[in-house]
Structures are given as C-alpha cells and as structure tokens.
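Given next are the chains, with one letter for each unit.
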Amino acid sequence: MAFEVYRPRSSRENVVALTKHHIRIGGKLVDKLGGNRVEVAFDREKNKLRIKGVRDNGMMLNKNKIGARGIFKYFDIENKKGNYPAEYNEKENAIFVDLNQSK
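Just so we're clear, the structure is a prediction, and the values are computed from it rather than from any experiment.

**Student:** Explain the pairing of strand β1 (residues 15-18) to me, please; I cannot follow it from the model alone.
**Tutor:** Both faces of the sheet carry side chains from a regular strand, because those side chains alternate between them. The alternating pattern of β1 places Val15 and Ala17 and Val16 and Leu18 on opposite faces, both of which are buried. Relative to strand β2 (residues 22-25), β1 runs antiparallel, the two being bridged by three bridges. In the sheet register, Val16 faces β2, and the bridge partner there is Ile25.

Structure (structure tokens):
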C-alpha cells in the first residue's frame, strides 16, 4: 500500500466551496471584492457561478461566507457540493466559479 501525504490547503487559495448551506470564498478572493455585499448569478449554459461585489443591496458576505440555501434551490445546483477553482475579474469586480471542474 502506498502512503499519500496530506498537505493542508491555504484558505487564501483561489477556491470557492459549496457546502450544504453556504458558499465559502477563499480569503484572497474575498479581499479583492472590497466590501461585504455581493450579488450571485448563474450561467446555466456554461455552468458557471458569478459572485460580484456590490455597494448597495445584494446579499451579506459574513467574513467569507454567503448563506446560500435559496440560491442552490433557485438555480437547481443543490447537488454541486465541493471545492471549485475560481478566478477574479478585476474589470467586473467579480469571482467566476466553474462548476464543471471540482477540485
């Protein structure tokens, strides 16, 4: 039997995690949004989630989490739990999460 080494990931990585009730954003990405309110959108064709920083309205970002049960139901992505690679687009002040590529 071969041994597999555990290497902890930094919470600062460009990763977004979908859990049962939340969307959890890596610390480095949260810092780039520059606020505590976000707008969440979903592109069904590309299977991508967009988390955009907004000044007014939007959902509260509590440290690095967004309460997301309603989001998961609305977009019918309740079965997409796990970690996904994400990238920040400075021009749009948004994080794009590709739900086709689980980490």
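Anyway, onward from the coordinates.
**Student:** I keep staring at the environment of Gln101 and nothing clicks. Help me out?
**Tutor:** Inspection of the secondary structure assignment puts Gln101 in the segment after β8 (94-98). Each C-alpha atom, one on Gln101 and one on Met1, is 29 Å from the other, the two residues being 100 residues apart in sequence. Excluding residues within four positions of it along the chain, Gln101 makes contact with Asn83, Tyr84 and Pro85.

**Student:** When you look at the packing of aromatic side chains in this model, what are you seeing that I'm missing?
**Tutor:** To describe a pair of aromatic rings, you give the distance between the ring centres and the angle between the ring planes. All chains considered together, the criterion is met by two aromatic pairs. Both rings, one in Tyr74 and one in Phe75, keep their centres 5.0 Å apart while their planes meet at 80°; by these two values the pair is edge-to-face. You can call Tyr74 exposed: its relative accessible area is 63%. An aromatic cluster is built from Phe42, Tyr74 and Phe75, whose rings are joined through pairwise contacts.

**Student:** What is the right way to look at the sheet that holds strand β4 (residues 48-53) in this model?
**Tutor:** Hydrogen bonds between backbone groups are what pair the strands of a sheet, and the pairing can be parallel or antiparallel. Ordered by their spatial adjacency, eight strands build an open sheet running β5-β3-β4-β8-β7-β1-β2-β6, and the pairing between neighbours is antiparallel. Sheet topology places β5 (59-60) and β6 (65-67) at the edges, where each strand pairs with a single neighbour.

**Student:** Please clarify how the pattern of salt bridges should be interpreted in this entry.
**Tutor:** Oppositely charged side chains can pair when the atoms bearing their charge come close. Per the stated rule, a full pass over the model turns up one salt bridge. Taking the shortest distance from any N to any O, the salt bridge between Arg50 and Glu39 comes out at 2.7 Å. Taken together, the residues span a long stretch of sequence, with Arg50 in strand β4 and Glu39 in strand β3 (residues 37-43) at a distance of eleven residues. Using a relative accessible area of 22% as the deciding quantity, one classes Arg50 as partly exposed. Residue Glu39 is classed as partly exposed on the basis of its relative accessible area of 34%.

**Student:** Even after reading the chapter, I still don't get the nonpolar core, so can you show me in this structure?
**Tutor:** Soluble globular proteins tend to pack their nonpolar side chains together in the buried interior. Counting residues in hydrophobic clusters, the biggest one holds 24 residues, and the most contacted among them are Val16, Ile23, Ile25, Ile51, Ile66, Ile95 and Val97. Taken together, the elements giving at least two residues each to this core come down to β1, β2, α1 (27-33), β3, β4, α2 (69-75), β7 (82-89) and β8. Excluding anything up to four places from it in sequence, Val16 contacts Ile23, Arg24, Ile25, Leu29, Ile51, Gly82, Asn83, Tyr84, Ala86, Ile95 and Val97.

**Student:** Can you help me understand the pairing of β2 in this one?
**Tutor:** Only one face of β2 is buried: it carries Ile23 and Ile25, and the other face, with His22 and Arg24, is open. Bridge analysis of β2 against β6 gives three bridges, and the strand direction is antiparallel. Within β6, the residue paired with Arg24 across the bridge is Lys65.

Conventions adopted
Residues numbered from 1 in each chain as written. Predicted model: local features only at pLDDT ≥ 70, side-chain atom pairs only at ≥ 80, totals over all residues. Heavy atoms only, no water. Buried < 20%, exposed > 50% of the residue type's maximum accessible area, 1.4 Å probe, protein only. Helix = DSSP H or I, 4+ residues; strand = E, 2+ residues; numbered from the N terminus. Pairing = 2+ DSSP bridges. Contact = heavy atoms within 4.5 Å. Phe/Tyr/Trp six-rings, centres within 6.5 Å; stacked < 30°, edge-to-face > 60°. Salt bridge = Lys/Arg side-chain N within 4 Å of Asp/Glu carboxyl O. Core = buried A, V, L, I, M, F, W, Y, C linked by side-chain atoms within 4.5 Å.

These figures come from the coordinates and say nothing about function on their own.
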